[in-house]
Amino acid sequence: MIITQSRDWERIEADLDEIGASRVFIMGCGQCATVASTGGEKEVLEAKAKLEASGRTVTGWTIGEVTCHSGGTGLDTRKRSGDIEAAEAVLVLACGAGVQTVADAIAKPVFPGLESVFLGNVVRHGVFEERCQMCGECVLDKTAGICPVTTCPKGLLNGPCGGMWDGKCEVVVDRECTHVLIQRRLVEQGRHAQEVLSPKDYSKKLKPGSVNLREKKGGSR
Amino acid sequence: MSRLRDALERGEFVVTGEIAPPLGTDLAAMRQSIETIGPYCHAINITDNQGASLHLSSLAASRIALEMGYEPIFQQTCRDRNRLALQSDLLAAWTLGLENVLIVTGDDPRSGDHPQAKGVFDLDSTQLLEVASAMNAGTDMLGRPLKGSTDFFMGAAMFPEAEPWDIQLLRAERKVEAGARFFQTQAIFDLAKLERTVAVMRPLGVKVIAGVIVLRSARAVDFINNRLAGLMVPDDIVARIKGASDVAIEAVALATEQVRAIRDIADGVHIMTLGLDSAVPQILGANQEA
């Protein structure tokens, strides 16, 4: 899921002040931002209270079912078109994909209420870790299911670097070195030591990414 | 031909030193350091944004050392440049007469003076060694022929004291396969660990230049143990240095003893003075009298 964190509230206030918005509509997201406790009903109501405390009027709020989904968000915003029409700005408590989907769906100025930080594993409730960069060229087959691109702070394919000490990472010192973990798991599974991996092909991950299953069977990147 | 390469291949015990280029354009202090340690060194490492902190480039400073009559070891980290820039700088280095290159990963920007910087790490040190090897063979990393190749004498970093050893060893062997002909090690305190390193590397035909660091002050010891990656000063040495009536004198005495011992084990010594450049002749000279 997409991990979001709350955004510096003063920046949100400054964004609204910049266009002189005193009436605001708030939209959360029922998916990732709800699980991340950043854009569910509780957080939307907290944002409402803060906006009201700073003298603004909240014309209404809703939690998009899947805010990054254009069809669903189009429907959600049409259902609340009166409240949105009454507002001068919309604050979206969702990831950047969600914010842009809302911005495409309505004509009003839309502002981000969260920071989008990473694609995260839910380790347990409220604990998220980044394990995948979506690099488009998976190496997990060679690395015992542990991603060095993501979990080595330097993203080295071949390691460890010179800062490893007693199996620990030099950058995040309480972490086990990813490259030690990879080699250990390969040995435990009776596999060969990791071969030298070639430089990554960043042309596999050119911005902006696009997949269209309708255009070409199996999709294209 | 590289004097360092020549000496190592003849089996001579080599001495290398280390210079950090300035933060700025005033070269006086750097020239002074080079003049101080240069006469005692086969070659001098010129660091590349050492400690992930801004300095004048190793490329320019290496050329200056060469023009001063000393042999530089151009250092290249993978932190600040992508594969285009790395290859371009390797070609530049060769045309500037820089024959020795030390290829290292580089500290993470988070540990330096620009923690907001993007760490590039487009290639890692093993991959960059492979690229430099390809250039020596006359091609770029895509296999396209170069108009004029390089003939670098390539080194890599090694960490004999960092455990787990089996993983360190595998990593070092991979660097050798990628083209490293010599290793410069992190500072050594445990000579048994240096011995096991040399024992493995000698049969591979790879030279080991052992690191010695001059623990010139209590603050330096704390800095190494708290801030410097890949190195820890053992407790008995900490006690010896911190308990000394004159820390600098004790640090030089310790370094002198270490150099003496390393002569019997490794192929050379790499002296990191932490600014106490004037101690280099003493560290080596006292040894010659012994």
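Residues numbered from 1 in each chain as written. Chains lettered and ligands numbered in written order. Predicted model: local features only at pLDDT ≥ 70, side-chain atom pairs only at ≥ 80, totals over all residues. Heavy atoms only, no water.

### Describing the overall build of chain A
Secondary structure summary: chain A contains eight helices and seven strands in total. For chain A, the C-alpha atoms occupy an extent of roughly 65 × 45 × 30 Å along the three principal directions. The buried share among the 221 residues of chain A stands at 41%. The contacts in chain A between residues at least 6 apart in sequence include a share of 59% that link residues at least 24 apart. For chain A, the accessible area works out to roughly 12,000 Å², and carbon and sulfur atoms hold 50% of it. Across chain A, 28 positive and 29 negative side-chain charges occur, with their mean positions spaced 6 Å apart. (Helix = DSSP H or I, 4+ residues; strand = E, 2+ residues; numbered from the N terminus. Buried < 20%, exposed > 50% of the residue type's maximum accessible area, 1.4 Å probe, protein only. Contact = heavy atoms within 4.5 Å. Areas by Shrake-Rupley, 256 points an atom, 1.4 Å probe, with all protein chains shown as cover. Lys, Arg positive; Asp, Glu negative; His and termini not counted. Charge placed at Lys NZ, Arg CZ, Asp CG, Glu CD.)

### A look at unusual backbone geometry
Note the cis peptide between A:Gly159 and A:Pro160, where omega equals 0°. Across the junction of B:Glu163 and B:Pro164, the peptide omega takes the value 5°, indicating a cis bond. Along the polypeptide, B:Pro164 turns up in the loop between strand E5 (153–158) and helix H6 (165–178). Even without a glycine there, the phi angle at B:Leu274 is positive, about 55°. In this structure, B:Leu274 sits in the loop between strand E8 (268–272) and helix H11 (280–289). Looking at B:Leu274, the relative accessible area reads 37%, which means it is partly exposed.

### What to know about the pairing of strand E4 (residues 89–92) of chain A
Residue and element names in this part refer to chain A. Side-chain alternation along E4 places Ala89 and Leu91 on one buried face and Val90 and Val92 on a second face that is also buried. Note: strand E2 (residues 23–29) against E4, four bridges, orientation parallel. From the neighbouring strand, Ile26 faces E4, where its bridge partner is Leu91. Pairing of E4 with strand E5 (residues 110–112), which is carried by three bridges, proceeds in the parallel orientation. Within the sheet, the bridge partner assigned to Val90 lies in E5 and is Val110. For the crossover from E4 across helix H6 (residues 96–105) to E5, the handedness is right-handed. (Pairing = 2+ DSSP bridges. Right-handed = clockwise from strand over helix to strand, strands pointing away.)

### Here's the deal with the interface of chain A and chain B
The interface is formed by 28 residues belonging to chain A together with 29 residues belonging to chain B. In total, about 2,400 Å² of surface goes out of reach between chain A and chain B, with carbon and sulfur atoms giving 59% of it. The salt bridge partner of A:Arg184 is B:Asp166, with a shortest N-O separation of 2.9 Å. Where chain A packs against chain B, one counts 13 residue pairs in polar contact (both at pLDDT 80 or more). When grouped by side-chain class, the residues that make up the side of chain A that touches chain B number 14 nonpolar, eight polar and six charged. (Buried area = accessible area lost by both parts, 1.4 Å probe. Salt bridge = Lys/Arg side-chain N within 4 Å of Asp/Glu carboxyl O. Polar contact = N/O pair within 3.5 Å; in protein donor to acceptor, adjacent residues only side chain to side chain. Nonpolar A, V, L, I, M, F, W, Y, C, P; charged D, E, K, R; others polar.)

### Let's talk about the pattern of salt bridges
In the structure shown here, the tally under the stated rule is 33 salt bridges over all chains. In this structure, A:Glu46 engages A:Lys42 in a salt bridge whose closest nitrogen and oxygen atoms are separated by 3.3 Å. On the criterion of helical spacing, the pair formed by A:Glu46 and A:Lys42 is a turn pair, its members being four residues apart in helix H3 (residues 41–53). What makes A:Glu46 partly exposed here is its relative accessible area of 39%. Residue class for A:Lys42 comes out exposed when judged on its relative accessible area of 58%. When the shortest N-O distance is used, the salt bridge between B:Lys193 and B:Glu163 registers 3.0 Å. In this pair, B:Lys193 sits in helix H7 (residues 191–201) while B:Glu163 sits in the loop between E5 and H6, placing the two residues 30 residues apart along the sequence. Among the charged side chains, a salt-bridge network with shared partners connects A:Arg7, A:Asp15 and A:Glu115.

### Here we look at the environment of B:Val221
Residues and elements named next belong to chain B. In this structure, Val221 sits in helix H8 (residues 218–227). For the pair formed by Val221 and Val238, sequence separation is 17 residues and the distance between their alpha carbons is 7.0 Å. Val221 has contacts with Leu215, Val233, Val238, Ile241 and Lys242, leaving out every residue within four places of it along the chain.

### With respect to the sheet that holds strand E6 (residues 182–187) of chain B
All names here are of chain B. With respect to topology, eight strands assemble into a closed barrel ordered E1-E2-E3-E4-E5-E6-E7-E8, the strand pairing being parallel. Direction aside, the axes of adjacent strands within the sheet are offset by 25° on average. Looking at chain direction, strand E3 (residues 72–77) and strand E4 (residues 100–104) are connected through five bridges and run parallel. Bridge assignment links Thr77 to a residue of E4, and that residue is Val104. The sheet strands contacting helix H10 (residues 247–263) are strand E7 (207–213) and E8, and the helix crosses E7 at an angle near 165°. (Axes fitted to C-alpha atoms, helices over the stretch in contact; angles between N-to-C directions.)

### Focus on the environment of B:Leu194
Residue and element names in this part refer to chain B. Within the secondary structure, Leu194 is located in helix H7. Under the relative-accessibility criterion, Leu194 is labelled buried at 0%. The spacing of Leu194 and Phe159 is 35 residues in sequence and 9.3 Å in space, taken between C-alpha atoms. Apart from the residues within four sequence positions on either side, Leu194 is in contact with Ile188, Val208, Ala210, Ile262, Ile265 and Ala266.

### Quick notes on helix H2 (residues 28–37) of chain B
Those residues of H2(B) that fall on the buried side of the exposure criterion are B:Met30, B:Ser33, B:Ile34 and B:Ile37. The arc that holds every buried residue of H2(B), seen down its axis, measures 100°, which confines them to one face. (Arc of directions from axis to C-beta.)

### What about the domain arrangement of chain A?
It is common to report an interface's size as the accessible area lost on association of the parts. As far as domains go, chain A holds domain 1 (2–118) and domain 2 (131–192). The distance between the C-alpha centroids of domain 1 of chain A and domain 2 of chain A comes to 38 Å. (Domains from an automatic or database assignment.)

### Topic: the pairing of strand E1 (residues 14–19) of chain B
All names here are of chain B. For E1, the buried fraction is high: five of the six residues fall into the buried class. Bridging between E1 and E8 involves three bridges; their strand directions are parallel. What sits directly across from Val14, in E8, is Gly268. Inspection of the sheet shows E1 paired to strand E2 (residues 43–46) by four bridges, in the parallel sense. From the neighbouring strand, Gly17 faces E2, where its bridge partner is Ile44. Viewed along the sheet, the connection from E1 through H2 into E2 turns out right-handed.

### A closer look at H10(B)
Residues and elements named next belong to chain B. Between its first and last C-alpha, H10 extends 24 Å over 17 residues, near the 24 Å set by a 1.5 Å rise per residue. Every buried residue of H10 is listed here: Val247, Ala251, Val252, Leu254, Ala255, Thr256, Gln258, Val259 and Ile262. N-capping of H10 is provided by Asp246, with a side-chain oxygen placed 3.1 Å from the backbone N of Ala248. (Expected span 1.5 Å × (residues − 1).)

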